[in-house]
Amino acid sequence: MTQLAGHPIPVACFDPSAPEVQRDPYPYYHWLLRNDPVHRGVNGIWFVSRYDDVRAVLAEDRLVRQGIRDFWSQLVGPGPLSGILSRTLLFQDEPDHSRLRALVMPAFAPRALRSLVPEIDRLVDELVDPSAGELDVINDVAYPLALGVISAVLGLPPKDRDLIRAWSLRIGPTLDLAAGPGEIADGQAAMAELTDYLTDLIRVRRGSGDLLGTLCADGSASREEVIAMVVTLIFAGHETVTNQIGNGVLALARHPAQLSLLRALPDLIPDAVEEMLRFDSSVQSNSRQLVDDLELRGRTLRRGELVVALMGAANRDPERFADPDRFDVTRTGVHPLSFGSGMRHCVGAVLARLELAAVFRALVRLPDWTLTKNPGELQYQRSTMFRGVLTLPIAFTAQNPRSTP
Ligand code: HEM
């Protein structure tokens, strides 16, 4: 059981930026799912919540990214941030979207990622220390793991990870509707530094065997597009995984019987990862703009209007999932929409699942976890799209390293 999800809260005009929604969106989602599945919310934006509708929206050719890209570029104003936003894969439409996506897909295919598994396990072993007795899941484990893994794929030097993390912490807040002028100015400066760093790195890495070298050697993307791709992969590759590890730990901490079950039956972990993605996804929604009118559940959505697909709500749709607010690691065939769907399905889904399975295999072995903060005191990241806590301290019974199984 989640805190309030069984009690839908009436929604007159859904606003995902409201602090109470960011703290716990699920009661609001339940009201939308039940009463107004194609809902006209804040600023006239359409919010779509049911599983089948979200899938249909994500597969719809009439829904594109151009308007979303222009919106964010205008919000941050001229400068290095909009330079990247205008070129990132995330905001391209056809044919550039497919051209850029084809450049990176081979590196994220299951076969290519197989050789990365020992590095993921090594990082997990290094970060999850059973003798520590306590750790902050977000800052001690999730961030360094997710950033370490995407850096290894790209071929970014390990010594530069702290630098990259510091830039990313300054850039992240600019991708929020509530970003103030100070945050945007600092984000612009950080993006300029990151772009200079990558420009220098590309000069020396051309032709190396990692993804960065491959991207540079491929003539079908400009230097600016390569830089935008690397920035995109750094961000998409570590913020999402970090938050998902935190959300999964929170779900387990609030459901100790499920945690005990996983400890006893670690073979359940791949299914448990799907359930964690469904139950509390680190990406809650994705936005599109209509280039033509669209009929959906008797509503007419007009050309030019914005549509937000609420994957976080679709993952709790009772039409699709029996008893959707129950966290149950024994569910099978879950297929959450957390990685999106259709031609923009997450490039890093296989990689993320590998990381999540590896880290939860190690985390469930730590004996007697407890959160050292009251869940009510946890601070959520300010974002309409991403969901995750800023810190997540846990305590457990420290083990003598030699007695660890
Ligand atoms: C739990 C972790 C993750 C979640 C929940 C997640 C979620 C998503 C979602 C929902 C989309 C679709 C966006 C849309 O429809 O507009 C997406 C796209 C994308 N993701 Fe992930 N992601 C995760 C991890 C990763 C990782 C590890 C990478 C690193 C490679 C990555 C790279 C990307 C890229 C490049 C796209 C753009 C795909 C496109 O537009 O064609 N993601 N992700």
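Residues numbered from 1 in each chain as written. Predicted model: local features only at pLDDT ≥ 70, side-chain atom pairs only at ≥ 80, totals over all residues. Heavy atoms only, no water.

If you tally the helices and strands in the protein, you get 17 helices and 10 strands. Here the C-alpha radius of gyration of the protein, 21 Å, is about what a compact globule of 405 residues would show, namely 22 Å. Overall size of the protein, expressed as C-alpha extent along the three principal axes, is 60 × 55 × 40 Å. Out of the 405 residues belonging to the protein, those deemed buried represent 55%. Of all intrachain contacts in the protein linking residues separated by at least 6 positions in sequence, the fraction that spans at least 24 positions is 72%. By element, 55% of the accessible surface of the protein is carried by carbon and sulfur atoms, the whole surface being about 17,200 Å². Side-chain charges in the protein split into 42 positive and 50 negative, and the spacing between the mean points of these groups amounts to 2 Å. (Helix = DSSP H or I, 4+ residues; strand = E, 2+ residues; numbered from the N terminus. Rg over C-alpha atoms; globule rule 2.2 N^0.38 Å. Buried < 20%, exposed > 50% of the residue type's maximum accessible area, 1.4 Å probe, protein only. Contact = heavy atoms within 4.5 Å. Areas by Shrake-Rupley, 256 points an atom, 1.4 Å probe, with all protein chains shown as cover. Lys, Arg positive; Asp, Glu negative; His and termini not counted. Charge placed at Lys NZ, Arg CZ, Asp CG, Glu CD.)

Just one protein atom donates to the iron atom of the ligand; it is Cys-346 (SG), sitting 2.3 Å from the metal. With respect to the element layout, Cys-346 can be found in the loop between helix H16 (311-314) and helix H17 (349-363). (Donors = N, O, S within 2.8 Å, 3.2 Å for Na, K, Ca; no water.)

Taken together, the side chains of Phe-71, Leu-75 and Leu-177 present a nonpolar region at the surface, about 240 Å² in accessible area. Take Leu-177: it is sitting in the loop between helix H10 (161-171) and helix H11 (181-205). (Patch = residues over 30% accessible without salt bridge, like charges linked within 9 Å, V, L, I, M, F, W, Y side chains within 5 Å. Salt bridge = Lys/Arg side-chain N within 4 Å of Asp/Glu carboxyl O.)

A separate point is the packing of aromatic side chains. Enumeration over the complete set of coordinates arrives at 7 aromatic pairs. Here the aromatic cluster, defined as three or more aromatic residues joined through ring pairs, consists of Phe-14, Tyr-26, Tyr-29 and Phe-47. Taking the ring centre of Tyr-26 as reference, the NZ or CZ of Arg-316 above it sits at 3.8 Å. (Phe/Tyr/Trp six-rings, centres within 6.5 Å; stacked < 30°, edge-to-face > 60°. Lys NZ or Arg CZ within 6 Å of the ring centre and 35° of its normal.)

What follows covers H11. With 25 residues, H11 ought to run about 36 Å at 1.5 Å a step, and its terminal C-alpha atoms sit 35 Å apart, in line with that. Count one or two residues on from H11 and you reach Gly-207, which has phi positive near 90 degrees. (Expected span 1.5 Å × (residues − 1).)

All right, on to the sheet that holds strand E4 (residues 134-136) then. Taken together, 3 strands build an open sheet; the order of strands is E4-E10-E9 and the sheet is antiparallel. Each of the sheet's edge strands pairs with one partner strand only, and the pair in question is E4 and strand E9 (370-371). Alignment of E4 against strand E10 (residues 393-395), held across 3 bridges, turns out to be antiparallel. Note on E10: the bridge partner recorded for Glu-134 is Ala-395. Running at roughly 65 degrees to E4, helix H9 (residues 137-154) makes contact with E4 and E10 of the sheet. (Pairing = 2+ DSSP bridges. Axes fitted to C-alpha atoms, helices over the stretch in contact; angles between N-to-C directions.)

Right, let's talk about the nonpolar core for a bit. When a protein is soluble and globular, its nonpolar side chains tend to lie buried together. Ile-245 and Phe-360 are the most contacted members of the largest nonpolar core, which totals 98 residues. Per-element accounting of this core gives the leading share, 15 residues, to helix H13 (residues 223-254). Excluding anything up to four places from it in sequence, Phe-360 contacts Ile-245, Gly-248, Val-249, Leu-252, Ile-269 and Met-276. Counting residues in hydrophobic clusters, the runner-up holds 20 residues, among them Trp-46, Leu-58, Ala-314 and Val-334. (Core = buried A, V, L, I, M, F, W, Y, C linked by side-chain atoms within 4.5 Å.)

In the vicinity of the ligand there are 27 residues, among which His-97, Arg-101, Arg-288, Ser-338 and Cys-346 approach most closely. Contact between the ligand and His-97: an oxygen atom at 2.6 Å from a side-chain N or O atom of the residue. One nitrogen or oxygen atom from the side chain of Arg-344 is found 3.5 Å from an oxygen atom belonging to the ligand. Listing elements by their share of the shell around the ligand, those giving two or more residues are helix H6 (96-104), H13 and strand E5 (285-290). At 6 residues, H13 tops the list of elements feeding residues into the shell around the ligand. (Near = heavy atom within 4 Å. Polar contact = N/O pair within 3.5 Å; in protein donor to acceptor, adjacent residues only side chain to side chain.)

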